[in-house]
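Below are the chains, spelled out letter by letter.
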Amino acid sequence: MSPYSNRGQCMILVMQALAELRGSNTKQEVIGHIIQTGYYEVTRHDLPPYDGQNESRYHTLLAWARKDCVELEYLLGHERDAWALSRNGDRAILKARELFGKNEWDVRRCYLWTPKFKLLMLPSYLPSPKDAKRPEDILDAL
């Protein structure tokens, strides 16, 4: 999955949050950490739920990212509401940080991330007009 797609950006957010939290965490703990640390660029478009859902759209997007990570064996998927990095996930987030850190992947293309998270991925990052602008309706089409 592309690190620049919505799901790819969210997979990296989830894996980084789990790397920081360590161990097994609930969905609410992981999302709470992402919110508390200010890693996800929440806009008014993220807040309403999708049809038939009770949670904010970005909470659903982060849950889908967890599912994608489980399918790729980056997260353990043996228990309900237990979010934990696998050894593959540990390696994947370290590799992602390495690729962003070497500018092989471009943090400027990641419009769901705050400058704070971009700085974590690329220590030399400075906000610039070259940063991708987030399409207003990006979560409508999911």
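Preceding block: the structure.
Quick caveat, the model's predicted, so the values are computed rather than measured.

How each quantity is defined
- Residues numbered from 1 in each chain as written.
- Predicted model: local features only at pLDDT ≥ 70, side-chain atom pairs only at ≥ 80, totals over all residues.
- Heavy atoms only, no water.
- Helix = DSSP H or I, 4+ residues; strand = E, 2+ residues; numbered from the N terminus.
- Expected span 1.5 Å × (residues − 1).
- Buried < 20%, exposed > 50% of the residue type's maximum accessible area, 1.4 Å probe, protein only.
- Arc of directions from axis to C-beta.
- Contact = heavy atoms within 4.5 Å.
- Axes fitted to C-alpha atoms, helices over the stretch in contact; angles between N-to-C directions.
- Parallel < 35°, antiparallel > 145°, perpendicular 65-115°, else oblique.
- Nonpolar A, V, L, I, M, F, W, Y, C, P; charged D, E, K, R; others polar.
- Phe/Tyr/Trp six-rings, centres within 6.5 Å; stacked < 30°, edge-to-face > 60°.

J.: Would you mind going over helix α4 (residues 87–101) with me for this structure?
T.: In an α-helix, one turn spans 3.6 residues, which is why side chains three or four residues apart end up on the same side. A rise of 1.5 Å per residue sets the reference length of α4, with its 15 residues, at 21 Å; its end C-alpha atoms lie 21 Å apart and thus fit the reference within 8%. When we look at burial in α4, the residues that qualify are G89, A92, I93, A96, L99 and F100. End-on view of α4: buried residues confined to an arc of 125°, all on one side of the axis. Summarising the geometry of α4, the exposed residues directed more than 90 degrees from the buried face are R87 and L94. The secondary structure elements touched by the buried residues of α4 are α1 (6–21), β2 (84–85) and α5 (115–121). One or two positions beyond α4, positive phi appears at N103, with a value near 65°.

J.: Can you help me understand the packing of α1 against helix α2 (residues 27–37) in this one?
T.: Two quantities define a packed helix pair, namely the angle between the axes and the distance from one axis to the other. α2 packs onto α1 with a crossing angle of 95° between their chain directions and a minimal axis gap of 10 Å. Classified by the interaxial angle, the pair formed by α1 and α2 is roughly perpendicular. Contacts between α1 and α2 involve L13, V14, A17, L18, E20 and L21 from the former and E29, V30, H33, I34 and T37 from the latter. Of the residues contributing to the contact of α1 with α2, the split by class is seven nonpolar, two polar and two charged.

J.: Got a minute to help me understand unusual backbone geometry in this structure?
T.: Across the chain, the bulk of peptide bonds are trans and the bulk of non-glycine residues have phi less than zero. One non-glycine residue, E73, adopts positive backbone phi at about 65°. On the secondary structure map, E73 appears in the loop between α3 (57–71) and β1 (75–76). Its relative accessible area of 53% is what places E73 among the exposed residues. Look at N103: it is not a glycine, yet its phi comes out positive at around 65°. Turning to its location among the elements, N103 is positioned in the loop between α4 and α5.

J.: Please clarify how the packing of aromatic side chains should be interpreted in this entry.
T.: One pair of aromatic rings is described through two measures. These are the centre distance and the angle between the planes. Enumeration over the complete set of coordinates arrives at six aromatic pairs. Taken together, a centroid distance of 5.2 Å and an interplanar angle of 65° make the contact between F100 and W113 edge-to-face. Of this pair, F100 sits in helix α4 while W113 sits in the loop between α4 and α5, and the two are 13 residues apart along the sequence. On the accessibility criterion, F100 (0% relative accessible area) is buried. Take W113: its relative accessible area is 1%, and that puts it in the buried class.

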